[in-house]
Each structure stands twice: as structure tokens, then as C-alpha cells.
Amino acid sequence: MNQQSTAPEREVLAALDPAMDWLTETYKQLHRNPELSFQEHASSRLVSDQLKSFGYAVQHIGGTGMVGVLVNGEGPTVMSRADMDALPVTEATGLPYSSEVDGVMHACGHDVHVTALLGAARLMAERHDAWSGTYIALFQPAEEAGGGSRVMVEDGLVGKVPRPDVVLGQHVMPLPAGTLAIAAGPVLSAADSLKITVYGKGSHGSMPHMSVDPVVLAASIVLKLQTIVSREVKPGESAVVTVGALNAGTKSNIIPDRATMLLNIRNYDDDVRARVLAAIERIVRGECAAAGSPKEPEFELYDRFPLTNNDPGVTARITDAFTSHFGQEAVHLAVRQTASEDFSAIPDAFGVPYSYWFLGGSDPEQYRAAANRGTLDADIPANHSPFFAPVIDPTLAVGVQAQVVAAMAYLGGRMPSINS
Ligand code: ZN
Ligand code: ZN
């Protein structure tokens, strides 16, 4: 598997085998003790203690956020990021190391990310003779809530650590363990949630002529919103506009005075995003005017996730390193996901390029069998499922190797591929 690796990369990865027991125990400890967004106190303490023991200079940045810096001579600066939070899900995996916290579970695999990055941080420190430059391991709070990376940026991240030349990130996914998926360009969508309140005029249900009915107004808006994706977004571009909640009224015989809608909007391009948001506002204002609404509608954007748009040069260089190390058959072209991440807020704050890849976590045999039956969706639990259970072997080892190989593509003196 490692035959094509460079000598410095092999040198760092030689420290992996002796670290495997520690890595497995660290993972189980995190998995047993999941913490919700912005409450990652124990996880953050664990990260901090470990980083210090490896010789990193450690700083708290942004609540439970934690950054370890290892300055190791001249050379590039590589930052890698892991997220630490868990979800309000009751674990149903039946694993011996299941969550010990009621109603909270690492159902998105962020415990895998923390463990893999800690593992890489340990290896890079133990074998610092094999590379030169600066390695930064960043652990952010609250990815699921969408605000964690922004909180770190607002707490002065950019001024507190060396400016990276490149930022890396990975996410465990329901792909066969032992494989990776990576692609240049947009890999995860930008996402916005939008609360819209429209106003009518309340009345008795028997006297509709005395009212401006916000239920009819909202219904009309919901239908008209369907024309944005079908009529305004260019074929070949893509967007999602979902009305996830629509609330008005309390009783059958009362016409209420307002209606609220909660929308979720996703796309892969900042121009499309701006056009879709503008179209929503135009349609809502137009429908309110048509209905004779007595008061301007209100719009409130929340839970906003930026686009994850992998830099082509960085991604080519890392893909090249992955392919050399893991072999062509283990490295796949990532399929664009409609899921979203707040990872890119960190490289964007520094104004530097990044690459974010997917790490397989599903049992390869089960995956192959389900793929053959055509029942992947039904039989392979995805992120956020109470049954989501990445297999420890080889997911953790591959997660550490991916972090090290990607970092060493910059720090180990490897010649870049022709594409970078
Ligand atoms: Zn998640
Ligand atoms: Zn996640």
C-alpha cells in the first residue's frame, strides 16, 4: 500500500502502528462521551491535553475551539481542521462503546475526525525530523449548528496563529472504509435558512370579505416559489428551495393575521445563491402586494453555511499524493453532496486555498453486498442516523494516513504534480 510513498512520508507514517491502541482508545472515549454544539468541554480538554503532550503550542480560540501549532523549521504552513460536536440523537448501534449520554450521539462521525487529526498531530510531532515547516491542528466547535468556525474567526483566529498556505479537512461518509473520495470545485452546497413572515388582516372565518387571508397568501407564495428552480435557475446549474415549515392560524373559524414560512435554500455557486435569494424576496413582496397585505413582509436569514469549493491546484496535489500512497483503486472522484459544512469559513478568513475530502467509514463487505443488491440507502446507515457506526478498522488508520499524506504533500518536500 505504501510502496509509492515518498521516504519522508513513510518515515512519519512508521509511527502509526505503535499509536494504534491509543488511537482506538481515544476514539472510543470520544464516542462514549458525545457533546452537543458549543458544549464540547471534555472533548476540547482531551484535545488540549494531548496536543500539549505532543509538544504543540496550544490556544483556546472561540469558546471550546482549540488550536495546536508546531513550528518545525523553514517551510510551508499547513493547517488541518476537525470538528468536535455531536448530535441530539439517541444511539441505536448497540456497539459496546455506545454513547453514555442520554439523547446525544456522535452520529456524524466528528469523533473520527478528532481522533484522526490528533493521530496525525502526534505522528508529525514524533517524526519531526522527516519534514520542515509549520503544522497546525485546529479543532472547531459546533459544525452542526453552523456557527463554530465563525466563532473562532470572530475570536481573532487570523491574528493568533501563523497564516497557513493551505487548509485541509475531511469528513467520514457512508463509503467503503479504506477508500477516499476527493474532487476539485464545489463538493458541498451553500445553505441558508430563511424565516419569512407575511401579514394579513384577521377576521371571523364566516366573513372572509373583511379579511386579508394570510393562509391563501402563504399558499400562493409556496406555489410561486416552485418556479425559481424550474424557471429562473439556468439548466445545468442547480439549487434547492424547500419550504420546510408553514404556520398560520389556530382554529377553523378564525382567519389569522399572519403566516410564517421556514425555507431551506441550497446551491453550489455564490451567484446562483444571490439570484435565488433575490427571487424569493421579489416573489414574496409581489404576492403580498397582490393580496393587499397591510404590512411589509419580514425576512430573517439564519443557519447560513458557506459553499465548500475545493481549490483545483491544492486538490490535484493532494489527489496525486493520495493515489501514490493508497493506490488508484482506493481514491475516488467525490460526488457533489447537497449537505453543507462551515469548514470553508476558516480558509476564507485567511484568504487561502483549501481542499476537503471524504473518508470511507462503512464496513467494506456490507457496503459491497448492499451495492450489489441495490439497497445502499436502506442498508448502509448514513450520517445523522442513530445506526451510523463507522468501523474502527481501517477507518481510523486511513483517516490518520490521509491527514499525514496530505500535509506531507506540502511539508515533506514532495514534488508537486504537473497540475499544481
Ligand atoms: Zn452532520
Ligand atoms: Zn458532520
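Cut-offs applied
- Residues numbered from 1 in each chain as written.
- Chains lettered and ligands numbered in written order.
- Predicted model: local features only at pLDDT ≥ 70, side-chain atom pairs only at ≥ 80, totals over all residues.
- Heavy atoms only, no water.
- Helix = DSSP H or I, 4+ residues; strand = E, 2+ residues; numbered from the N terminus.
- Rg over C-alpha atoms; globule rule 2.2 N^0.38 Å.
- Buried < 20%, exposed > 50% of the residue type's maximum accessible area, 1.4 Å probe, protein only.
- Contact = heavy atoms within 4.5 Å.
- Lys, Arg positive; Asp, Glu negative; His and termini not counted.
- Charge placed at Lys NZ, Arg CZ, Asp CG, Glu CD.
- Core = buried A, V, L, I, M, F, W, Y, C linked by side-chain atoms within 4.5 Å.
- Donors = N, O, S within 2.8 Å, 3.2 Å for Na, K, Ca; no water.
- Tetrahedral: all angles 85-135°; square planar, octahedral: opposite > 155°, others 65-115°.
- Domains from an automatic or database assignment.
- Buried area = accessible area lost by both parts, 1.4 Å probe.
- Salt bridge = Lys/Arg side-chain N within 4 Å of Asp/Glu carboxyl O.
- Polar contact = N/O pair within 3.5 Å; in protein donor to acceptor, adjacent residues only side chain to side chain.
- Nonpolar A, V, L, I, M, F, W, Y, C, P; charged D, E, K, R; others polar.
- Pairing = 2+ DSSP bridges.
- Axes fitted to C-alpha atoms, helices over the stretch in contact; angles between N-to-C directions.
- Expected span 1.5 Å × (residues − 1).

This part is about the overall build of the protein. Helix and strand content of the protein: 13 helices and 16 strands. Taken over the C-alpha trace, the protein has a radius of gyration of 24 Å; the compact-globule value for 420 residues is 22 Å, and the two agree within 12%. Over its C-alpha atoms, taken along the principal directions, the protein stretches across nearly 80 × 45 × 45 Å. When burial is assessed residue by residue, the protein has 54% of its 420 residues classed as buried. Across the protein, contacts joining residues at least 24 apart in sequence account for 83% of those joining residues at least 6 apart. Each charge class in the protein was averaged separately, 30 positive and 47 negative side chains, and the resulting centres sit 6 Å apart.

Of note, Asn 310 is situated in strand 14 (residues 308–310). The exposure class of Asn 310 is buried, given its relative accessible area of 1%. Each residue touching Asn 310, except ones within four places of it in the same chain, is listed here: Ala 183, Ala 184, Gly 185, Pro 186, Val 187, Thr 315, Tyr 354, Ser 355 and Tyr 356.

Let's shift gears to the nonpolar core. Ranked by internal contacts, the top residues of the largest apolar core, which has 64 residues, are Met 124, Tyr 135, Phe 139 and Phe 322. No other element matches helix 13 (residues 392–411), which puts 14 residues into this core. For Phe 322, the contacting residues outside a window of four places in its chain are Leu 180, Ile 182, Gly 327, Val 331, Trp 357, Ala 402, Val 405 and Ala 406. Ranked by size, the runner-up nonpolar core spans 24 residues in total, among them Leu 225, Val 233, Ala 239 and Ile 265.

Moving on to the coordination of the zinc ion (ligand 1). Coordination sphere of the zinc ion (ligand 1), protein contribution only: Cys 108 (SG), Glu 144 (OE), Glu 144 (OE) and His 384 (NE2), at 2.0 to 2.7 Å. Taken together, the four donor atoms coordinating the zinc ion (ligand 1) and their angles of 52 to 148° define a geometry best described as irregular. When the donor residues of the zinc ion (ligand 1) are listed from N- to C-terminus, their spacing reads C-x35-E-x239-H. In this structure, the zinc ion (ligand 1) is positioned 3.1 Å from the zinc ion (ligand 2), and both are ligated by Cys 108. Of the two residues, Cys 108 is situated in the loop between strand 3 (77–83) and helix 4 (110–126) and Glu 144 in the loop between strand 4 (133–140) and helix 5 (148–154); the sequence distance between them amounts to 36 residues.

For the rest of this paragraph, the subject is the domain arrangement of the protein. Assigned domains within the protein: domain 1 (7–188 + 307–411) and domain 2 (190–305). Residue-level contacts link 15 residues of domain 1 with ten residues of domain 2. Carbon and sulfur atoms make up 56% of the area that domain 1 and domain 2 hide from each other, which totals about 940 Å². Summed over the three residues of domain 1 that lose the most area to domain 2, namely Leu 307, Thr 338 and Ser 340, the buried surface amounts to 53% of that side. On the surface where domain 1 and domain 2 come into contact, there are zero salt bridges. Across the contact surface, domain 1 and domain 2 share four residue pairs in polar contact (both at pLDDT 80 or more). Here the side of domain 1 that touches domain 2 is composed, by residue class, of five nonpolar, four polar and six charged.

Before going further, it helps to examine the sheet that holds strand 8 (residues 190–199). Reading across from one edge, 10-12-8-13 is the order of the four strands in this open sheet, with antiparallel pairing throughout. The open sheet has two edge strands with one neighbour each: strand 10 (239–248) and strand 13 (298–305). Ignoring which end each strand starts from, the neighbouring axes of this sheet average 20° apart. Taken together, the ten bridges between strand 8 and strand 12 (residues 258–267) define a ladder with antiparallel strand orientation. Each residue of the ladder has a partner; that of Ile 196, found in strand 12, is Met 261.

Three or four residues apart is the spacing at which side chains of an α-helix point the same way, because the helix has 3.6 residues per turn. In this model helix 4 runs 24 Å from its N-terminal to its C-terminal C-alpha over 17 residues, within 8% of the 24 Å that 1.5 Å per residue would give. Across the 17 residues of helix 4, 16 count as buried, placing the element largely inside the fold.

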